[in-house]
Amino acid sequence: MATTHNLGFPRIGAKRELKFAQEGYWKGQLSEQELQHTGETLRARHWQAQNQLDWVPVGDFSFYDQVLDTSFTLGHIPSRVKGLTGSTLDNYFRIARGRSGNDSDCQSVHAGEMTKWFDTNYHYIVPEFSTDDSFTLNPERLLAQLAEARQQNINAKPVIVGPITYLWLGKSKDDNDRLALLDKLLPVYSELLQVLAGEGIEWLQIDEPVLVTELDSHWQHALNVAYHTLKSAPVKLLLATYFGELADNLKLTCELPVAGIHVDAISAPAEVEKIIDWLPSHKILSLGIINGRNIWKTDLNATLDWLEPFAAKLGERLWLAPSCSLLHVPVDLAAEQALDPEVKNWLAFATQKLDELRIVATALNEGRSAVAAELAANAKAVAARKQSDRVNNQAVRARVASINKTLGERQNSYAVRAQKQRLRFNLPAYPTTTIGSFPQTLDIRQTRRQFKSGELPLDDYQTRIKAEIKRSVREQEALELDVLVHGEAERNDMVEYFGEQLEGYVFSQYGWVQSYGSRCVKPPILFGDISRPNAMTVAWTQYAQSLTDKPLKGMLTGPVTILNWSFVRDDQPRAETCKQLALAIRDEVQDLEHAGVGIIQIDEAALREGLPLRKSQWQGYLDWAIECFRITANGVSDETQIHTHMCYSEFNDIIESIAHMDADVITIETSRSNMELLDAFDHFNYPNDIGPGVYDIHSPNIPSQAHIINLMSKAGERIPTERLWVNPDCGLKTRQWSEVLPALKNMVSAAKTLRLSA
Ligand code: GLN
Ligand code: ZN
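Residues numbered from 1 in each chain as written. Chains lettered and ligands numbered in written order. Predicted model: local features only at pLDDT ≥ 70, side-chain atom pairs only at ≥ 80, totals over all residues. Heavy atoms only, no water.

Novice: How would you explain the sheet that holds strand 20 (residues 641-646) if you had to name every residue and give the values?
Specialist: Here we have five strands laid out as an open sheet, ordered 17-19-20-21-22, and parallel in their pairing. Across the chains shown, the open sheet's two edge strands, defined by having one partner strand only, are strand 17 (553-557) and strand 22 (689-692). Neighbouring strand axes in the sheet, compared pairwise and without regard to direction, differ in orientation by 20° on average. Pairing geometry for strand 21 (residues 665-668) and strand 22, over four bridges, is parallel. Looking at the pairing, threonine 667 lines up with glycine 691 of strand 22. (Pairing = 2+ DSSP bridges. Helix = DSSP H or I, 4+ residues; strand = E, 2+ residues; numbered from the N terminus. Axes fitted to C-alpha atoms, helices over the stretch in contact; angles between N-to-C directions.)

If you want it as structure tokens, here you go:
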């Protein structure tokens, strides 16, 4: 008999109930008790949704982040919040976001750093480690949730982050060796295991996704030390790994002294056979067979075909689960009333995925005939998706097949282009520009909302957006910026805007996924071959250009970013899908060029986010990602100037690929690092123009002219000044006009001052 379980459930709620409760509490509109009540309600609802499983995760619910929860469980919180007034929850939010729900200003502290959870779009609060750190057990949160689950007759399997992953995720504050803290950390884990055993817990899920990364011998050794220390505990440990293959950690994982392991059979199906060979015969093996990272229905018959031989070998030792926590998918497809019914039939959100799990387990345990109707319905949906001509567009496929190297090549080298562009645009030294968006006022948001809901007729909508474009252009002219933008007033989101106009995309109503804290994103769903029925940005851009004699920069989102911020079809390699996007955006680039737009920016904000977890696989990704950018951008004449923009600027390890994009100008985010991020340019002679950001748009602060000059001089130490541009770090859409105008004024006057000595 195969046992079923789940690794974690989305906590935000099908209608984002948690988000609204958190934000209500932070604004002082909700009491702590009311917030706690929302938590209880969501937990109860989610446990009910999982109750058909043999084991249900408990402790995965969080008011902000599971890593921050772990820090509290381990009594390991930054000293800056110790001794402050308020409840534990207040301190918890202080670390999460710099302030609790009811802080007066004097109790604000700086928030913990946030970073991406492995290669997902979920962000966790980074644990901070110093040599003298100590740990003390604080199991109350976990025990309270367990007690609740018990009361509801849930067969609870508590979930915690393992000690090695916890250390690995953290950052050392004093250059200490994080692993040196292991000796102090392990007794607290031992104690926790004792407490859980005392509660009658049989299985504990202990997450060590660090095992899918490249670990050196110290980290591998630490895993051995940790689990040999914990092995005497009177609870059974299910060591969970996910998000990738174990590769050279495979043998180590199999041999760790735990009662069972969970592996991700979606991202590493080929390893399963080897794992079964290596795994001692007294250990259980949990296979993650339902994809916890995307929203497609599983092909259940194919899964069974693959699984049955392993099930025969493993017998009672086989457990089944989604590949990873379902945190990374939306809650319930049933909530979608407006979704295209054909595409909806191909999808499965968290709730549906658990149902798939039940069907597979029943088929294994009782024979496929026990779920014949469900398997048949699944087969029908899977076949319909494969055959649909909304998925397969022969013209698009033929075009991708005909891609050749020259498609991604400019006519001439940068040096030749730069000469021609100088003649065409006649820009001063240290040219000034912005990254694209201008403040999105309440008015603009409302205009878009009213238009979408049908309240506002197209004509009125266009009139209002044009007025907004005109306002941005006039402001930019008054500021004396050199290269203007239209301001992106018509865009809600840089990916959604394009997805909505491309064939091959659908949009959900409630397909929210937690990004961090109360922030959720609703990734568009890329289901089919991508084509562009009509030009997407030309009319707005042309209108903006008609208002000014200054060059106006067209603004597009690049193919890699569109891909990385969408739920992407799983029936072909991502590289293939990306090429289709590249061709569609390439057409837009060329339409802009033909419409007389001389400067075109193609944003690749999320290029780095697609990097695989293992460095050994980076180059493969970079090769196709950069090629896709080149296909998009490089079909223009020498006189057309291509810009690209990236938010992060940790370029040290990928600078050659960045250079290979061959954009005429790249603008990047550097101001907060005080230009230290330009280090990459020390060792590598980046050949084209660069605009290092001089205005931190995440902060309400207005940079002074002197500050900007100082930053630019630092940039000038690394990059020849004739190739420097002056611009903010990123788009200005989240800022107020009252901040943006003085900041840009200082930026332009700084550039003018710099020109005096150029
Ligand atoms: N052009 C976009 C903007 O200005 C870029 C946003 C981004 O890089 N995230 O808003
Ligand atoms: Zn940016």
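Novice: Just give me the short version of the nonpolar core, but keep the residues and values in it.
Specialist: A general tendency of soluble globular proteins is for nonpolar side chains to be buried together. One finds Tyr227, Leu287 and Leu320 to be the most contacted residues of the largest nonpolar core, which totals 112 residues. No other element matches the eight residues that helix 7 (residues 182-198) contributes to this core. Ignoring any residue separated from it by four or fewer positions in sequence, one finds leucine 320 in contact with Ala2, Thr3, Thr4, His5, Leu287, Ile289, Leu307, Leu357, Val360, Ala361 and Leu364. Listed in part, the 100 residues of the second largest apolar core include Val538, Ile562, Val589 and Cys628. (Core = buried A, V, L, I, M, F, W, Y, C linked by side-chain atoms within 4.5 Å. Buried < 20%, exposed > 50% of the residue type's maximum accessible area, 1.4 Å probe, protein only. Contact = heavy atoms within 4.5 Å.)

Novice: Tell me about helix 16 (residues 414-425), and please be specific about residues and values.
Specialist: Over its twelve residues, helix 16 extends 16 Å from the first C-alpha to the last, a length consistent with the 16 Å expected when each residue adds 1.5 Å. Listed as buried for helix 16 are Tyr414, Arg417, Ala418, Gln421 and Phe425. Along the axis of helix 16, the buried residues cluster in a sector spanning 100°; they form a single face. In helix 16, the exposed positions angled more than 90 degrees off the buried face are occupied by Ala415 and Leu423. On its buried face, helix 16 sits against strand 19 (599-603), strand 20 and strand 22. After helix 16 finishes, the residue asparagine 426 shows a positive phi value of roughly 50°. (Expected span 1.5 Å × (residues − 1). Arc of directions from axis to C-beta.)

Novice: Report on the sheet that holds strand 13 (residues 503-506), specifying residues and quantitative values.
Specialist: A sheet is described by the order of its strands in space; here three strands give the open sequence 13-16-18, paired in mixed fashion. Both edges of this open sheet fall to strand 13 and strand 18 (567-568), since each of them pairs with a single strand only.

Novice: I'd love a proper account of the site of ligand 1, names of residues and values included.
Specialist: Close to ligand 1 lie Ile435, Gly436, Ser437, Glu488, Met494, Met555, Asp603, Ala605, His645, Cys647, Cys730 and Gly731. One nitrogen or oxygen atom from the side chain of serine 437 is found 2.7 Å from an oxygen atom belonging to ligand 1. The contact in question runs from a nitrogen atom of ligand 1 to an N or O atom on the side chain of glutamate 488, over 2.8 Å. For ligand 1, whose unbound accessible area comes to 300 Å², protein coverage reaches 90%. Of the residues contributing to the shell around ligand 1, the split by class is six nonpolar, four polar and two charged. (Near = heavy atom within 4 Å. Polar contact = N/O pair within 3.5 Å; in protein donor to acceptor, adjacent residues only side chain to side chain. Areas by Shrake-Rupley, 256 points an atom, 1.4 Å probe, with all protein chains shown as cover. Nonpolar A, V, L, I, M, F, W, Y, C, P; charged D, E, K, R; others polar.)

Novice: I'd like a description of the side chain of histidine 262, backed by residues and values.
Specialist: Structurally, histidine 262 can be placed in strand 10 (residues 260-264). With a relative accessible area of 0%, histidine 262 lands in the buried category. With residues near it in sequence (within four places) discarded, histidine 262 still touches His5, Leu7, Leu238, Leu239, Ala240, Thr241, Ser286, Leu287, Gly288, Ala321, Pro322 and Ser323.

Novice: Describe in detail the pairing of strand 20, supporting the description with residues and values.
Specialist: Burial analysis of strand 20 places six of its six residues in the buried class, the great majority of the element. The two faces of strand 20 match: Gln641, His643 and His645 on one face and Ile642, Thr644 and Met646 on the other face are all buried. Assessed by its sense of winding, the connection that carries the chain from strand 19 through helix 23 (residues 618-633) to strand 20 is right-handed. Sheet topology note: the strand 20/strand 21 ladder contains four bridges and is parallel. Note on strand 21: the bridge partner recorded for histidine 643 is valine 665. Taken together, strand 20, helix 24 (residues 655-660) and strand 21 constitute a β-α-β crossover, and its handedness is right-handed. (Right-handed = clockwise from strand over helix to strand, strands pointing away.)

Novice: If you had to explain the environment of isoleucine 77 to someone new, which residues and values would you point to?
Specialist: Here isoleucine 77 lies in the loop between helix 3 (66-73) and helix 4 (88-97). Along the sequence, isoleucine 77 and valine 371 sit 294 residues apart, while their C-alpha atoms lie 49 Å from each other. Once residues lying within four places of it in the same chain are set aside, the contact partners of isoleucine 77 are Ser71, Phe72, Lys82 and Ile95.

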